[in-house]
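Listed here are the chains, written in short residue letters.
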Amino acid sequence: MKKFVFTNQSLLRIKNDEHERLKRELENVDKRIRLIDTEIVSIDGRVAAEQQKQERDCETGTDAQQLIRYEDFFRYMREKREAAQKARAELEKERAVIQKELFAVHNQIKVLEEMRDAQYQEYLKEVALDESKELETMMSFNLYEGAS
């Protein structure tokens, strides 16, 4: 009896490997997004703390140089936050592309698995037919020998 061999097994294996690679890429992008989110929260916290400090200094009186330093700090933090938001937006675009590719590969895998199942069912029919023919041959041979 011949062994079942799916004709597109190598393609299915390649698609499964690609699926795993894309899942790892997606996890990596998600991790980078979380890091940027943490950075944005940190920036916001530092800005809030400096704003409170600036307000206290303004109430108690401060010189112009200190106000300039505060303004420079706030400008720098605003630019840093905008850069982080821009990087996050780019990562979100990358994430969308990977998700689209992952969805397509997942669908291809499902089609290949359905093809494999159909091919296996056909294989089972062939095996049953071969066994039936073999049994008929054995029966006719036994009848022939019995008649002799």
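Below you will find a few notes about this structure.

1. Observations regarding the overall build of the protein
Then, in step 1: A count of helical and extended segments in the protein gives two helices and zero strands.
Then, in step 2: The C-alpha radius of gyration computed for the protein amounts to 35 Å, which surpasses the reference 15 Å derived for 148 residues by more than 25%, pointing to a less compact arrangement than a globule.
Then, in step 3: In the protein, the share of contacts with a sequence separation of at least 24, taken over all contacts with a separation of at least 6, comes to 86%.
Then, in step 4: Carbon and sulfur atoms make up 54% of the accessible area of the protein, which amounts to about 11300 Å² in all.
Then, in step 5: For the protein, the distance from the average site of its 27 positive side-chain charges to the average site of its 32 negative ones is 4 Å.

2. Observations regarding helix 1 (residues 9–60)
Then, in step 1: Over its 52 residues, helix 1 extends 77 Å from the first C-alpha to the last, a length consistent with the 76 Å expected when each residue adds 1.5 Å.
Then, in step 2: Residues Leu 12, Lys 15, His 19, Leu 22, Leu 26, Val 29, Asp 30, Ile 33, Ile 36, Ile 40, Ile 43 and Val 47 constitute the buried set of helix 1.

3. Focus on the nonpolar core
Then, in step 1: Counting 15 residues, the largest nonpolar core has Leu 12, Leu 22, Val 29, Ile 36, Leu 91 and Ile 98 as its most contacted members.
Then, in step 2: Contributing elements (two or more residues each) for this core: helix 1 and helix 2 (64–147).
Then, in step 3: Beyond its immediate sequence surroundings of up to four residues, Ile 98 is in contact with Leu 22, Glu 25, Leu 26 and Val 29.
Then, in step 4: Counting residues in each nonpolar core, the second largest holds six residues, with Ile 43, Val 47, Tyr 70 and Met 77 among its members.

4. Some remarks on the pattern of salt bridges
Then, in step 1: For the coordinates displayed, the defined rule picks out 11 salt bridges.
Then, in step 2: Lys 15 is the salt-bridge partner of Glu 18, the closest N and O atoms lying 3.5 Å from each other. Taken as a pair, Glu 18 and Lys 15 lie in helix 1 at a separation of three residues, close to a single helical turn.
Then, in step 3: Lys 15 gets classed as buried once you look at its relative accessible area, which sits at 17%.

Thresholds applied
- Residues numbered from 1 in each chain as written.
- Predicted model: local features only at pLDDT ≥ 70, side-chain atom pairs only at ≥ 80, totals over all residues.
- Heavy atoms only, no water.
- Helix = DSSP H or I, 4+ residues; strand = E, 2+ residues; numbered from the N terminus.
- Rg over C-alpha atoms; globule rule 2.2 N^0.38 Å.
- Contact = heavy atoms within 4.5 Å.
- Areas by Shrake-Rupley, 256 points an atom, 1.4 Å probe, with all protein chains shown as cover.
- Lys, Arg positive; Asp, Glu negative; His and termini not counted.
- Charge placed at Lys NZ, Arg CZ, Asp CG, Glu CD.
- Expected span 1.5 Å × (residues − 1).
- Buried < 20%, exposed > 50% of the residue type's maximum accessible area, 1.4 Å probe, protein only.
- Core = buried A, V, L, I, M, F, W, Y, C linked by side-chain atoms within 4.5 Å.
- Salt bridge = Lys/Arg side-chain N within 4 Å of Asp/Glu carboxyl O.

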